[in-house]
Amino acid sequence: MATHTTSPKVFITGASSGLGQALARHYAEQGAILGLVARRGDNLTELAATLPHPHAVHCYALDVRDALALRAAAGDFMSRHGVPDIVIANAGISHGVNTEDAADLPHFASVMDTNWMAMIATFSPFVGPMRERKRGTLVGIGSVAGVRGLPGHGAYSASKAAVMTYLESLRVELRADKVAVVTIAPGYIRTPLTHDNPFPMPFLMDADKFARKAAAAIARGKRFVVLPWQMGIVACAMRRLPRWLYDMLFARAPRKPTLSQRKAREAQKAQKAAPAAASKTPPAPDDPANGAS
């Protein structure tokens, strides 16, 4: 049976690391009742144990691409605490991709399913109850990468462009029902998602600072916000560039390695490390080379 309290109720996907974890910590410090979703159940449990009020945290270990599992988690949370005040669809992945490489085709689909379709599946169970209550906030995490198509980032850019267009549609659809829809477009935030980027990341922001700024924007009911604010200027400039100039400027932009390239590099490192490790291995006690007879 649902319990109704004055504590804010917040449901967050992708909560086991990065932006989702930072948002969970921020809202936990505000005394919120949390519903946290991520694939890695062990990480969620460890996170919950470190939060100020672990008894107010409900963990749901599932893949956000599983719409039925998401709906079940949403139903469980609402049966316990009622309709959440804030739902944050944060789960996302990023892969460098190459259209020419047939092995990358599943990665295009995986990125779109996780970043876009899972957002819709996350919101779906909550829209009806929020409309009926005439209150609530749905928050989607977009990206500055969705403003223009970045070379080598076709899957991620396309997914985030879809996310931001979808959120705009949803915002207008729910306006009359007093359900707010907030789009947050991060630039470069220090998380596992950006850890392996082999290029400079201007205005890099810590995840904890992002969480504070994002929560403030959500509380103010902002329709669209870019964090950090400097990347908002960059995004505006990118949007206004004529195509011929954009093509010229970004033709040589640094690219995120594809999964195939990363696997090849890891294999090369493993091959180089194997002989060195073997040479450092001490001989066994009964090995003739150790002087045993």
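Residues numbered from 1 in each chain as written. Predicted model: local features only at pLDDT ≥ 70, side-chain atom pairs only at ≥ 80, totals over all residues. Heavy atoms only, no water.

Further remarks concern helix 4 (residues 105-133). With 29 residues, helix 4 ought to run about 42 Å at 1.5 Å a step, and its terminal C-alpha atoms sit 42 Å apart, in line with that. Immediately downstream of helix 4, the backbone of lysine 134 shows phi near 60°, a positive value. (Helix = DSSP H or I, 4+ residues; strand = E, 2+ residues; numbered from the N terminus. Expected span 1.5 Å × (residues − 1).)

Quick look at the nonpolar core now. Core analysis: the biggest nonpolar cluster contains 43 residues, and Phe11, Phe123 and Leu138 have the highest contact counts within it. For this core, the secondary structure elements donating two or more residues are strand 2 (33-38), helix 3 (67-81), strand 4 (86-89), helix 4, helix 5 (154-174), strand 6 (180-186) and helix 7 (229-240). With residues up to four places along the chain from it excluded, the contact list for leucine 138 reads Val87, Phe123, Val127, Met130, Leu170, Leu174, Val179, Ala180, Val181 and Val182. Core analysis: the second largest hydrophobic core is formed by 35 residues, Leu23, Tyr27, Ile141 and Phe210 among them. (Core = buried A, V, L, I, M, F, W, Y, C linked by side-chain atoms within 4.5 Å. Buried < 20%, exposed > 50% of the residue type's maximum accessible area, 1.4 Å probe, protein only. Contact = heavy atoms within 4.5 Å.)

According to the stated counting rule, one finds 7 salt bridges in the structure shown. Arginine 65 is paired through a salt bridge with aspartate 63; the nearest N and O atoms lie 2.8 Å apart. The class of arginine 65 is partly exposed, set by a relative accessible area of 44%. Here arginine 171 makes a salt bridge to glutamate 168, at a shortest N to O gap of 3.6 Å. Within this pair, arginine 171 and its partner glutamate 168 are both found in helix 5, separated by 3 residues, close to a single helical turn. By sharing partners, the salt bridges in this structure join Arg131, Lys134 and Asp177 into a single network. (Salt bridge = Lys/Arg side-chain N within 4 Å of Asp/Glu carboxyl O.)

The next thing to look at is the pairing of strand 4. Regular strands have side chains that alternate between both faces of the sheet. Judged by which residues are buried, strand 4 turns out to be covered on both faces: Ile86 and Ile88 on one side and Val87 and Ala89 on the other are all buried. Two strands pair when backbone bridges link them, and strand 4 and strand 5 (residues 137-141) are joined in this way by 4 bridges, in the parallel orientation. Note that in strand 5 the partner of valine 87 across the bridge is leucine 138. Crossover strand 4 to strand 5 through helix 4 is right-handed. (Pairing = 2+ DSSP bridges. Right-handed = clockwise from strand over helix to strand, strands pointing away.)

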